[in-house]
Amino acid sequence: MDSSYTVLARKYRSQDFKSLIGQDVLVKTLTTAINTGRIAHAYIFTGIRGTGKTSTARILAKALNCLSSDGPTASPCGVCENCRAIAAGQHIDVLEIDAASHTGVDNMRDILDAAQYRPTNGRYKVYIIDEVHMLSTSAFNALLKTLEEPPAHVIFILATTEIRKVPVTILSRCQRFDLVRVPVETLKQHFAWIAGQEKIELSDAANELLARAADGSVRDGLSLLDQAIAQTGGHVDEQAVLDMLKRADRGVVVNFMETLLSGDTSAALSKADEIYTNGADLAMLLNDMMEWTHWATRMHPAIHAGEVTNSPYTADQREQIKKIDANVSLNTLSRIWQVMVAAVPEMQASGNQKQCFDMLIVRLMHIADMPSVTDILKNQRSAQPQTKNPEPKEQTVQKSKLSVETANDLATALQSSKEILLYSYYTSNIEVIEISNNTIKYFDRRGDADFAHKMATWLNEKTGHIWTLERIQESQNTHTITEQKKEELESDPMVASAMDLFADAEIVGVK
Ligand SMILES: [Zn+2]
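About the thresholds
Residues numbered from 1 in each chain as written. Predicted model: local features only at pLDDT ≥ 70, side-chain atom pairs only at ≥ 80, totals over all residues. Buried ≥ 20, exposed ≤ 12 C-beta atoms within 10 Å, placed from the backbone. Helix = DSSP H or I, 4+ residues; strand = E, 2+ residues; numbered from the N terminus. Pairing = 2+ DSSP bridges. Right-handed = clockwise from strand over helix to strand, strands pointing away. Expected span 1.5 Å × (residues − 1). Bend = angle between axes of the 7 residues up to and from the residue. Axes fitted to C-alpha atoms, helices over the stretch in contact; angles between N-to-C directions. Contact = placed C-beta atoms within 7 Å.

## Regarding the pairing of strand E4 (residues 154-160)
Burial analysis of E4 places seven of its seven residues in the buried class, the great majority of the element. Side chains Val 154, Phe 156, Leu 158 and Thr 160 of E4 all project onto a buried face; the interleaved residues Ile 155, Ile 157 and Ala 159 project onto the opposite face, where all are buried too. With five bridges connecting them, strand E1 (residues 42-46) and E4 associate as parallel partners. Opposite Ala 42, over in E4, you have Phe 156 as the bridge partner. Where strand E3 (residues 125-130) and E4 come together, five bridges link them in parallel fashion. Bridge pairing links Lys 125 to Val 154 in E4. Remark: the E3/helix H6 (residues 137-148)/E4 crossover connection has right-handed handedness.

## Points about helix H16 (residues 330-349)
Across its 20 residues, H16 extends 30 Å between first and last C-alpha, which sits within 8% of the 28 Å expected from 1.5 Å per residue. Of all the bends in H16, the greatest reaches close to 30° and is centred on Ala 343; the proline Pro 345 follows between one and four positions later. Regarding H16, the residues found buried are Leu 333, Ile 336, Met 340 and Ala 343.

## Focus on unusual backbone geometry
The phi torsion of most residues other than glycine is negative, and most of the peptide bonds are trans. Non-glycine residue Asn 438 carries a positive phi angle of around 55°. The topology assignment puts Asn 438 in the loop between strand E8 (430-436) and strand E9 (439-444). What makes Asn 438 partly exposed here is the crowd of 14 C-beta atoms within 10 Å.

## Here we look at the sheet that holds strand E2 (residues 94-98)
Taken in spatial order, the five strands make up an open sheet running E2-E3-E4-E1-E5, and their pairing is parallel. Either end of the sheet is taken by a strand with one partner, and the two such strands are E2 and strand E5 (175-178). Each strand axis lies, on average, 15° off the axis of its neighbour in the sheet, ignoring direction. With four bridges connecting them, E1 and E5 associate as parallel partners. Its bridge partner lying in E5, Tyr 43 is registered against Gln 175. The strands touched by helix H3 (residues 53-65) are E1, E2, E3 and E4; relative to E4, the strand with the most contacts, the crossing angle is about 170°.

## Looking at the pairing of E3
Across the six residues that make up E3, a large majority, six, are buried. Burial along E3 is two-sided: Lys 125, Tyr 127 and Ile 129 facing one way and Val 126, Ile 128 and Asp 130 facing the other are all buried. Pairing geometry for E2 and E3, over five bridges, is parallel. Residue pairing for E3: Leu 95 is matched across the bridge by Tyr 127. With helix H5 (residues 105-113) bridging E2 and its parallel neighbour E3, the resulting β-α-β unit is right-handed.

## Some remarks on the environment of Arg 10
Mapped onto the elements of the fold, Arg 10 is located in helix H1 (residues 8-11). Overall, the presence of 9 C-beta atoms within 10 Å leaves Arg 10 in the exposed class.

What follows is the structure in structure tokens.
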């Protein structure tokens, strides 16, 4: 590779509307508008990165200023002085502004002040503002003023990946175009064509992987292709791309999901070890598992009776997924999906992906194992007629009811039911004088009027008995639970010796 190597994305940047990849609707609308002379003063292009927003903006600037015709043309020549200068980003009347580095209002005002002057070489002064959502509020306001009364010779082309961050007042003055994610098939055709131009080998399977990894972005796909060419010296095959993307083969993923859903935890864990050892990135693997779950759901007989053809799997893999699907409910698939989605940020945050991934597997196995709510209900219904005598059931319920005999019992019960507020009020303020016959005699140091009611309600529900709370007016100098615990702790020989060591030590709380 020589030092003058130009990255593919730049070398094969679309130079006219015809060669814009995958944006058919936009191309049709824009060319019709130009051909019929309906040119707006402001356009806004939005879409994910690498879909052609800036390329489209430059093509539009050429269309407006091309010298090959008397007025704007939908097919700029590409060779006249204006076309060439615009393609090189050097035309005096076409200003490309990166909003990220011109966020301030002063910058914006300077730029807009110059808009008042007529263009020097072109028909229009074209302002291309990239990532326009990055502008500050005051910069937006300055822009809005010009947009409200634009000079006849000025055209604004705004581009953004985050249209929601652009003020509505700006949006309402622009003609909006949404650049779509470029479909996998279109990307494949484009990459195959470039491979031909560059005289490199690109296998179909490798191309498919690259096109899917590009996720709709021409630029991302081409930089992956750049990387693959550099790594393989021009023989780009499936294995090379898998290695480069640190991805496990789709077949491996399908097999892995089969093991996982078969409920064999140790087999699933050792398969995960193997995939990891082979160099797969586990976040990518999770991604592939989610892709699998998505397609298994789409192909599930409960949703789709026939063949689903546009999946990324081979015919054999599709057959395998169908077999797995036959034993898995939609409910399970959807719960698996939820757990995986929740695991994505966990994997990113975790310092140890492998640990995190292993725990995820265990969680997923648990779901695959668990009967669904529908199954449980079904089982219950079918089990009910067999219970001839309802008595035993009554008894089990009784047994599980709470029994409270001492002040400590009550504290433990409150704590284990996670009644935190009641627990902390009870343990720090209540002196229990006596508990007997479902009656609690107590002194309340703080005197919360609601305490008796709250506690009685809770006890009634938990024990199945009616409780009476009898508040006495004077303290009997009995300890609260917290004080009791503190006292027990202080009399502990270990703690006592620790307190001796630190002369000023004091037990401030018991947890
Ligand atoms: Zn031209």
